[in-house]
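Coordinates in review
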Amino acid sequence: MEDDIRELYQEVILDHGKNPRNFRHPEDATCEANGNNPLCGDRLTVFVKVGEDESIEDAAFEGRGCAISVASASMMTDIVRGKKVVEVDALFDTFHKMCMGEEIGETPAEFEDDLDKLMVLSGVKQFPMRVKCATLAWHTMNAAVHGDSAASTE
Ligand code: FES
């Protein structure tokens, strides 16, 4: 990766890590889950408001973690808003592959902008422990919207 791109990515991660978006506990959330990364003990709670049409009306989080996990949660809670649960499932699957350095195949056109944003986290593929940091919030949200109250990166 070019040095200037790497620097830009680091700036975006630091910005989200220091000033996380949607760091709050919405009272009207319809589901929530606690996520745990046993490797470091960091924990996040993700709150989601799912509408009657299965679209995500609001997403937020609280907790503590490293800059990557907080940045990932911050970006995720922005990106999923307005999407259907089934779309978020597909996006998580693609993002997870991106973090693992796996082939993601043809990107559905509707996800291109989102995956461009999430690309800043793709550097974790070189650091297997960091994959868990980048995906903790996504595992937790996935648990919340599918009726589980807890998620682990293990
Ligand atoms: Fe704990 Fe990244 S070091 S989530």
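These remarks concern the structure in this document. Just so you know, these numbers come straight off a predicted model, no measurement behind them. (Residues numbered from 1 in each chain as written. Predicted model: local features only at pLDDT ≥ 70, side-chain atom pairs only at ≥ 80, totals over all residues. Heavy atoms only, no water.)

A few words now on the packing of aromatic side chains. What the rule picks out here adds up to three aromatic pairs. With 5.2 Å between their ring centres and 90 degrees between their planes, phenylalanine 23 and phenylalanine 61 make a pair best called edge-to-face. One end of the pair, phenylalanine 23, is in the loop between helix H1 (3–18) and strand E1 (31–37); the other, phenylalanine 61, is in strand E3 (residues 56–64), with 38 residues separating them in the sequence. Take phenylalanine 23: its relative accessible area is 41%, and that puts it in the partly exposed class. Centre to centre, the rings of phenylalanine 92 and tryptophan 138 are 5.9 Å apart; their planes meet at 20 degrees, and the pair counts as stacked. In this pair, phenylalanine 92 sits in helix H3 (residues 85–100) while tryptophan 138 sits in helix H5 (residues 128–145), placing the two residues 46 residues apart along the sequence. Taking the relative accessible area as the measure of exposure, phenylalanine 92 reaches 10% and is therefore buried. Look at tryptophan 138 and you get buried, because its relative accessible area is 0%. Grouped by ring-pair contacts, the aromatic residues Phe92, Phe95 and Trp138 constitute a single cluster. (Phe/Tyr/Trp six-rings, centres within 6.5 Å; stacked < 30°, edge-to-face > 60°. Helix = DSSP H or I, 4+ residues; strand = E, 2+ residues; numbered from the N terminus. Buried < 20%, exposed > 50% of the residue type's maximum accessible area, 1.4 Å probe, protein only.)

Membership of the largest hydrophobic core comes to 44 residues, with the highest contact counts inside it found for Val48, Trp138 and Met141. At ten residues, H5 tops the list of elements feeding residues into this core. (Core = buried A, V, L, I, M, F, W, Y, C linked by side-chain atoms within 4.5 Å.)

Quick look at the sheet that holds strand E2 (residues 42–50) now. Within the open sheet, the four strands sit side by side as E3-E2-E1-E4. Their pairing is mixed. Two strands lie at the open edges of the sheet, namely E3 and strand E4 (150–152), each paired on one side alone. Direction aside, neighbouring strands of the sheet carry axes that sit 20 degrees apart on average. The sheet contact formed by E1 and E2 spans seven bridges and is antiparallel. Paired with glycine 35 across the bridge in E2 is leucine 44. Against the sheet, helix H2 (residues 67–79) contacts E2 and E3, and its axis sits at roughly 165 degrees relative to E3. (Pairing = 2+ DSSP bridges. Axes fitted to C-alpha atoms, helices over the stretch in contact; angles between N-to-C directions. Contact = heavy atoms within 4.5 Å.)

As paired strands, E2 and E3 are joined by eight bridges and run antiparallel to one another. Residue threonine 45 lies in a different strand from E3, and its bridge partner there is glutamate 62. Adjacent in sequence and paired antiparallel, E2 and E3 are bridged by five residues, among which glutamate 54 carries a positive phi angle near 65 degrees.

A contiguous patch of negative charge, built from Glu2, Asp3, Asp4, Glu7 and Glu11, is present on the exposed surface. Among the secondary structure elements, glutamate 2 is positioned in the segment before H1. Owing to a relative accessible area of 57%, glutamate 2 belongs among the exposed residues under this scheme. (Patch = residues over 30% accessible without salt bridge, like charges linked within 9 Å, V, L, I, M, F, W, Y side chains within 5 Å. Areas by Shrake-Rupley, 256 points an atom, 1.4 Å probe, with all protein chains shown as cover. Salt bridge = Lys/Arg side-chain N within 4 Å of Asp/Glu carboxyl O. Lys, Arg positive; Asp, Glu negative; His and termini not counted. Charge placed at Lys NZ, Arg CZ, Asp CG, Glu CD.)

Quick look at unusual backbone geometry now. The residue asparagine 22 is not glycine, and still its phi comes out positive at about 60 degrees. Looking at where asparagine 22 falls in the secondary structure, it is placed in the loop between H1 and E1. The exposure class of asparagine 22 is buried, given its relative accessible area of 14%. Of note, glutamate 54 is a non-glycine position whose phi angle comes to about 65 degrees, a positive value. For glutamate 54, the position within the fold is in the loop between E2 and E3.

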